[in-house]
Protein chains: 2
Amino acid sequence: MNKLTIVEIIQGHVIEGNKITVYGWVRTRRDSRAGLSFLTIYDGSCFESLQIVINNNISNYNNEVIRLTTGCSVSITGKIVKSLGKGQNYEIQASQIEVIGWVNDPNTYPIAAKKHSLEYLREVAHLRPRTNIIGAVVRIRHTLAQAIHRFMNEHGFFWVSTPLITASNTEGAGEMFRVSTLDLENLPRLNNGKINYDKDFFGKEAFLTVSGQLNGESYACAMSKIYTFGPTFRAENSNTSRHLAEFWMVEPEVAFATLTDILKLAESLLKDIFKIVLNERYDDMQFFTTVINKNIVNRLTKILNMNFIQIDYTEAINILKKYDFNFKNKIYWGMDLSSECERYLVDKYFQAPVIIQNYPKNIKAFYMRINNDNKTVASIDILMPGIGEIIGGSQREERLDYLDNRLFEMGLNKEDYWWYRDLRKYGTIPHSGFGLGLERLILYITGIQNIRDVIPFPRSSRNINF
Amino acid sequence: MNKLTIVEIIQGHVIEGNKITVYGWVRTRRDSRAGLSFLTIYDGSCFESLQIVINNNISNYNNEVIRLTTGCSVSITGKIVKSLGKGQNYEIQASQIEVIGWVNDPNTYPIAAKKHSLEYLREVAHLRPRTNIIGAVVRIRHTLAQAIHRFMNEHGFFWVSTPLITASNTEGAGEMFRVSTLDLENLPRLNNGKINYDKDFFGKEAFLTVSGQLNGESYACAMSKIYTFGPTFRAENSNTSRHLAEFWMVEPEVAFATLTDILKLAESLLKDIFKIVLNERYDDMQFFTTVINKNIVNRLTKILNMNFIQIDYTEAINILKKYDFNFKNKIYWGMDLSSECERYLVDKYFQAPVIIQNYPKNIKAFYMRINNDNKTVASIDILMPGIGEIIGGSQREERLDYLDNRLFEMGLNKEDYWWYRDLRKYGTIPHSGFGLGLERLILYITGIQNIRDVIPFPRSSRNINF
């Protein structure tokens, strides 16, 4: 007996008339007056469900088949036949059905076959991948991750895993989670009453990383092209639809590369993965156009043939100034761009992806390369329509004296950065990189509005069930 | 001008006589009496260095070229010519050399061109990828990760990212790291003096996960085949050559699968990635046979055509009993297998990879499926020669009453597992999975002995520099 997945059957990797077995869960059951029952079953392998036609002469028809409800797990053995129903190629004429797992008390099944809000589904995060919409998100997330790994590999990048637990704070700012094995009810103390972190697991204070970049740079300064693909943490208390305490980032870092080089890299990476998602996840994307946003496929397709707009921060400010009656706050050079401003540029003014370059140094991190004007740094943010920033990057300061100067200006202790500074002492190179937030990318692609719906078990303030 | 990487030149993606530019770092310099200098440069793209031939008539020969030392970064422009030296296809006749970054004070360069011990290199973890050996580890680690993602994708698995920060403890045991944003110098307290975790970021105690399995099961019970590929944490104080506080795991989870199914999956996954490493990292593997262990390529090649030995735990105990004069402790049914015992079975008795099945329930986790004997569980450990366990897995207990019974037996509170139990209430299915430790796999493949040498920035007790 041939065991097949639903995607194999639907994509036609089958011979009509063959007898096969398929495993899955019941989506719906319908009984006809003619003594037939129709099940649709899913196994997660693709968006489509598979139709099963069951004649009432099979042995467990009356005591089992007609009791099947949404969510029951079954194995079905039968013959593959061309489907007469619309929208499906094949269906199964069942000769045998085994019920593997019943749904206890179907009336209280948390995801019975009806429309559930995304808000509600977050409360049953352990069951929500069984729904059409979250199942589609899972497949798209997977396809994106695969596409990213493939793209990086084909372009000569090595995947590097940078540490999650760190004693340093990349950005010199930002809320971090402490990592500790100290017994909080019984903290070891120094003579002066302060906590004795020497007794902690790492012998000093430790935190969850906010970026793998600094460590990534150390590897780019040896392997030329590297990327990280891993989780990142922010202990921000902001309960927004765009922020998570734990999210996934892709951070390429390229030796001998300027801002222009990585800007091209970012654009071609995005276009490549958009193309792959449109090709490989056609049915899931069609579903999102139906239930979420009818424009998502069109806008991705359009972007494939579009050059991203490139403007300087200064230019962006000049544009915004002309329209400043639109904004809550006064527009001035030196300000950080609020998401309101970003959206105006992307959604209204350009109606296209926008790369903003060369931000004022005072609003950016210490490691970004100072431009000749000594006021701006070689940085980029890439903003997407409807979503805002999904990529932030920069050329890194490779000149030791400039770097030391920035550390000093920002009140950072250069001894804390001894190994990062070593990279500038020994065969320093121009190098650049960026960070791409995986979840924001999925929001953009699917049109889904809340970031908690595109990661399996979201973590945010007071949110750690499951 | 054509910018090429060294791997592109060495693999012959070039036209002889073409003028190209290549960027990299100096490995060695040798000056001949005939007025020529020879540089070898590396860029991390492959094991081999590229030879550069420099005539003393180029403009910066005397003031720069003959001052170049190991680690300087350079760009070289020149013509590709067939190499007469042995072991190389091509070399570059340089027409122009630009020194991008000097090495400050070459005499103190931490990784000057001489033999360094792996122990020493850990102290300069930010520079060690510039060495031949760690560079080779990076490429192999990358190729393994790619091979795993590709294998899983081709076999219909979806990558799922399970949360790193968790409120639960998968194994009901093991030392975990606490994650908190509480101010330790000023802890919020309840009236009874206990710490008020309600004030912590997540509103309750939170930890770093020791396994993504339970969350992974929830997704396998919807998508059929999933895998995680991410970091995992253990706050064990054991300072051994096999343990890290932070390491990477691959955890496939398969619906409608028995122990036999995933045992086959594990074997074919391992063989597939061994084959890929042998093909795609031939030069790096040759290097490891030279400097680490001359048997590693042979043993991998042999395994490709070998069936893994499969024995029951009970059988393993019977074998060990016969040879118990070899062991420190008495051998008895019910004991956990010490690494001494494991090594005896794998390295001496079978001299092959060994899959041990059906361990006593009392030494295994609550979620493993009870066998009919009510004494053992459907578990596997896969042991590799020279390294011991690299895979642990099991069929999961899908029967709610049996699961509840095990939770009770082990003194675990079943309310804490409410969502995990839900998976057994609603369309439960037989399912199985395993965890593969990425770093142990690399130890096995490369022959390297210490796990701190196969992850970029190792974390262990009192070890968090960089």
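Reading the values: rules and limits
- Per-chain numbering applies: the sequence of each chain, read as written, is numbered from 1 onward.
- Chain A is the first chain written and ligand 1 is the first ligand written, with later ones labelled in order.
- Owing to the predicted nature of the model, reporting of local features is limited to residues with pLDDT of at least 70; listing and counting of side-chain atom pairs is limited to 80 or more, with chain, interface and lining totals taken over all residues.
- Derived side-chain values reflect all non-hydrogen atoms in the structure, with water molecules and hydrogen atoms excluded from consideration.
- UniProt positions are given in the numbering used here, feature names are shortened, and annotations may be inferred rather than shown by experiment.
- The superposition of copies rests on a least-squares fit of C-alpha positions from residues with pLDDT of 70 or more in both.
- Should any heavy atoms of two residues lie within 4.5 Å, those residues are counted as being in contact.
- The classification of residues rests on relative accessible area computed with a 1.4 Å probe and restricted to protein chains. Under 20% of the type maximum is buried, over 50% is exposed, and intermediate values are partly exposed.
- We count a stretch as a helix when DSSP gives it H or I for four or more residues in a row; a strand needs E for two or more, and each element gets its number in order from the N terminus.
- By this definition, two strands are paired if DSSP reports at least two bridges between them.
- Geometry of aromatic contacts follows a simple scheme: Phe, Tyr and Trp rings, the Trp one being its six-membered ring, pair when their centres are within 6.5 Å, and the pair is stacked under 30 degrees between planes, edge-to-face over 60, tilted otherwise.
- Two conditions define a charge located above a ring, namely a distance within 6 Å from the ring centre to NZ of Lys or CZ of Arg, and an angle within 35 degrees of the ring normal.
- The split of the chain into domains comes from an automatic or database domain assignment.
- The quantity reported as buried area is the accessible area (1.4 Å probe) lost by two parts once they are put together, taken as the sum for both.
- Counted as salt bridges are all cases of a side-chain nitrogen of Lys or Arg within 4 Å of a carboxyl oxygen of Asp or Glu.
- Nitrogen and oxygen atoms within 3.5 Å of one another constitute a polar contact, given that in protein one can donate a hydrogen and the other can accept it, and given that sequence-neighbouring residues count only through two side-chain atoms.
- Note on residue categories: nonpolar means Ala, Val, Leu, Ile, Met, Phe, Trp, Tyr, Cys or Pro, charged means Asp, Glu, Lys or Arg, and polar means any other residue, Gly included.
- Criterion for a disulfide: a pair of cysteine sulfur atoms within 2.5 Å.
- To get an axis, fit a line to the C-alpha atoms, keeping to the stretch in contact for a helix; angles then go from 0 to 180 degrees between the N-to-C directions.
- Across the chain, each position has a pLDDT score giving the predictor's confidence in that residue, from 0 to 100.
- Expected helix span is given by 1.5 Å per residue-to-residue step, counting one fewer step than there are residues.
- By the definition adopted for this analysis, an angle is roughly parallel if under 35 degrees, roughly antiparallel if over 145, roughly perpendicular if from 65 to 115, and oblique otherwise.

Per an unreviewed UniProt entry, the recorded name for chain A is Asparagine--tRNA ligase, and the organism is Candidatus Mikella endobia. Listed in UniProt under the heading Catalytic activity (unreviewed entry), the comment for chain A reads: "tRNA(Asn) + L-asparagine + ATP = L-asparaginyl-tRNA(Asn) + AMP + diphosphate + H(+)". Its UniProt record, at the heading Sequence similarities (unreviewed entry), says of chain A: "Belongs to the class-II aminoacyl-tRNA synthetase family."

Superposition record for chain B on chain A: RMSD 0.0 Å, screw rotation 180 degrees, translation along axis 0.0 Å. These values place the two chain copies in the arrangement generated by a two-fold rotation axis. Considering only C-alpha atoms, the residue of chain B closest to the rotation axis is Val179 of chain B, which sits at 2.5 Å. Same-surface contact between copies: 100% of interface residues of chain B are shared with the interface of chain A.

The subject of this paragraph is the pairing of strand β12 (residues 246–255) of chain A. Residue and element names in this part refer to chain A. Judged by how many residues are buried, β12 sits mostly within the fold: 10 of 10 residues are covered. Neither face of β12 is exposed, since Glu246, Trp248, Val250, Pro252 and Val254 on one face and Phe247, Met249, Glu251, Glu253 and Ala255 on the opposite face are all buried. Direction of pairing for strand β11 (residues 225–233) relative to β12: antiparallel, over a ladder of 9 bridges. What sits directly across from Thr232, in β12, is Phe247. The sheet contact formed by β12 and strand β17 (residues 431–437) spans 5 bridges and is antiparallel.

Once that is clear, we can look at the packing of aromatic side chains. Tallying each qualifying case throughout the model produces 58 aromatic pairs over all chains. Taking 5.1 Å as the distance between ring centres and 50 degrees as the angle between the ring planes, the aromatic pair formed by Phe256 of chain A and Trp25 of chain B counts as tilted. Pair noted here: Phe256 of chain A is in the loop between β12 and α5 (259–280) and Trp25 of chain B is in strand β2 (residues 19–31), and the two residues belong to different chains. Among the residues examined, Trp25 of chain B registers a relative accessible area of 0% and is labelled buried. Members of the aromatic cluster, joined through ring pairs, are Tyr219, Phe366, Tyr367, Tyr417, Trp418, Trp419 and Tyr420 of chain A together with Phe457 and Phe466 of chain B. Its guanidinium or amino end placed over the ring of Tyr359 of chain A, Lys364 of chain A lies 4.3 Å from that ring's centre, counting from NZ or CZ.

Okay, the domain arrangement of chain A next. Residue and element names in this part refer to chain A. As far as domains go, chain A holds domain 1 (3–101) and domain 2 (130–159 + 248–453). A separation of 45 Å is found between the C-alpha centroids of domain 1 and domain 2. Counting from both sides, the interface comprises 7 residues of domain 1 and, opposite them, 7 residues of domain 2. Buried area between domain 1 and domain 2, summed over both chains or domains, comes out near 670 Å², and the portion from carbon and sulfur atoms is 46%. The largest per-residue losses of area from domain 1 upon contact with domain 2 belong to Arg27, Tyr42 and Phe47, which jointly make up 69% of the total buried on that side. The tally of links from domain 1 across to domain 2 stands at 0 salt bridges. Joining domain 1 to domain 2, the criterion identifies 4 residue pairs in polar contact (both at pLDDT 80 or more). Across the side of domain 1 that touches domain 2, the residue classes tally to 3 nonpolar, 2 polar and 2 charged.

Now for the sheet that holds β17 of chain A. Remark on secondary structure: sheet strands pair via backbone hydrogen bonds, oriented parallel or antiparallel. Residues and elements named next belong to chain A. With mixed pairing, the 8 strands of this open sheet are ordered in space as β7-β11-β12-β17-β16-β15-β14-β13. One side of each edge strand has no neighbouring strand; the edge strands of this open sheet are β7 (158–159) and β13 (309–312). Across 5 bridges, the pairing between strand β16 (residues 388–395) and β17 is antiparallel. Among the inter-strand pairings, Gly393 is bridged to a residue of β17, identified as Phe434.

This next bit is on the state of the cysteines. Considering all chains together, one arrives at 0 disulfides over all chains under this definition. Here Cys46 of chain A is not cross-linked by a disulfide; its sulfur's nearest cysteine counterpart is in Cys221 of chain B, at 18 Å. By relative accessible area, which is 6% here, Cys46 of chain A ends up buried.

Turning our attention to the interface of chain B and chain A. Between chain B and chain A, the contact holds 114 residues from the first and 115 residues from the second. In total, about 9,400 Å² of surface goes out of reach between chain B and chain A, with carbon and sulfur atoms giving 63% of it. Measuring nitrogen to oxygen at the nearest pair gives 2.5 Å for the salt bridge that ties Asp198 of chain B to Arg462 of chain A. The interface formed by chain B and chain A holds 53 residue pairs in polar contact (both at pLDDT 80 or more) in total. Of the residues assigned to the side of chain B that touches chain A, the class counts are 61 nonpolar, 32 polar and 21 charged. Where strand β9 (residues 178–180) of chain A meets strand β9 (residues 178–180) of chain B, 3 bridges bridge the pair, whose relative direction is antiparallel. Among the inter-strand pairings, Arg178 of chain A is bridged to a residue of β9 of chain B, identified as Ser180 of chain B.

Turning next to the sheet that holds strand β7 (residues 158–159) of chain B. Residues and elements named next belong to chain B. With respect to topology, 8 strands assemble into an open sheet ordered β7-β11-β12-β17-β16-β15-β14-β13, the strand pairing being mixed. Each edge of the open sheet carries a strand with a single partner, namely β7 and β13 (309–312). Against the sheet, helix α4 (residues 213–223) contacts β7, β11 (225–233), β12 (246–255) and β17 (431–437), and its axis sits at roughly 30 degrees relative to β12. Strands β13 and β14 (354–357) of the sheet are contacted by helix α8 (residues 313–322), whose axis makes an angle of about 90 degrees with β13.

Fine structural detail should not be taken from predicted coordinates in areas where pLDDT scores are low. Mean pLDDT over chain A stands at 94; residues scoring 70 or higher make up 98%. With pTM at 0.97, the complex prediction returns an ipTM value of 0.97.

Summed over the entire model, instances satisfying the criterion amount to 42 salt bridges over all chains. A salt bridge links Asp284 of chain B to Arg139 of chain B, with the shortest nitrogen-to-oxygen separation between them at 2.8 Å. In this pair, Asp284 of chain B is assigned in helix α6 (residues 282–291) and Arg139 of chain B in helix α3 (residues 132–154), connecting sequence segments 145 residues apart. Across the pair, exposure class does not vary: Asp284 of chain B and Arg139 of chain B are buried alike. Linking Lys414 of chain B and Asp404 of chain B is a salt bridge whose minimum nitrogen-to-oxygen distance equals 3.8 Å. Here Asp404 of chain B lies in helix α10 (residues 400–409) and Lys414 of chain B lies in the loop between α10 and α11 (418–425), a separation of 10 residues in the sequence. For Lys414 of chain B, a relative accessible area of 34% puts it in the partly exposed group. Linked through salt bridges whose partners overlap, the residues forming this network are Arg122, Arg128 and Asp453 of chain A.

Now for helix α9 (residues 339–350) of chain B. Residue and element names in this part refer to chain B. When the terminal C-alpha atoms of α9 are compared, their 15 Å separation across 12 residues agrees well with the 16 Å that a helix rising 1.5 Å per residue should span. Along α9, the positions that sit buried rather than exposed are Cys341, Glu342, Tyr344, Leu345 and Val346. Positive backbone phi, at 50 degrees, marks Gln351, one or two positions downstream of α9.

The next subject is the side chain of Arg399 of chain A. Residues and elements named next belong to chain A. Topologically, Arg399 is positioned in the loop between β16 and α10 (400–409). Among the polar contacts made by the side chain of Arg399, one reaches the main-chain carbonyl oxygen of Ile370 at a distance of 3.2 Å. Filtering out sequence-adjacent residues up to four positions away, Arg399 remains in contact with Arg369, Ile370 and Arg424.

Let us now look at the packing of α10 of chain A against helix α11 (residues 418–425) of chain A. Packed helices, taken two at a time, are described by the angle their axes make and the gap between the axes. Residue and element names in this part refer to chain A. Axis separation between α10 and α11 bottoms out at 9 Å; the angle between their running directions is 155 degrees. Here α10 lies roughly antiparallel to α11, going by the angle between them. On α11, the residues touching Leu400, Leu403, Asp404 and Leu407 of α10 are Tyr420, Arg421, Arg424 and Lys425. Residue composition of the contact of α10 with α11, grouped by class: 4 nonpolar, no polar and 4 charged.

This paragraph deals with unusual backbone geometry. Excluding glycine, residues mostly carry a negative phi; peptide bonds, for their part, are mostly trans. Residues other than glycine seldom take positive phi values, yet Asn358 of chain A does so here, at roughly 60 degrees. Within the element layout of this structure, Asn358 of chain A appears in the loop between β14 (354–357) and β15 (379–384). Despite not being glycine, Gln351 of chain B shows a phi value in the positive range, around 50 degrees.

Take the environment of Asp284 of chain A next. All names here are of chain A. With relative accessibility at 0%, the residue Asp284 sits in the buried group. Taking the C-alpha atoms as reference points, Asp284 and Asp261, separated by 23 residues in sequence, lie 33 Å from one another. Setting aside residues no more than four positions away along its own chain, Asp284 makes contact with Phe47, Ala136, Arg139 and Ile140.

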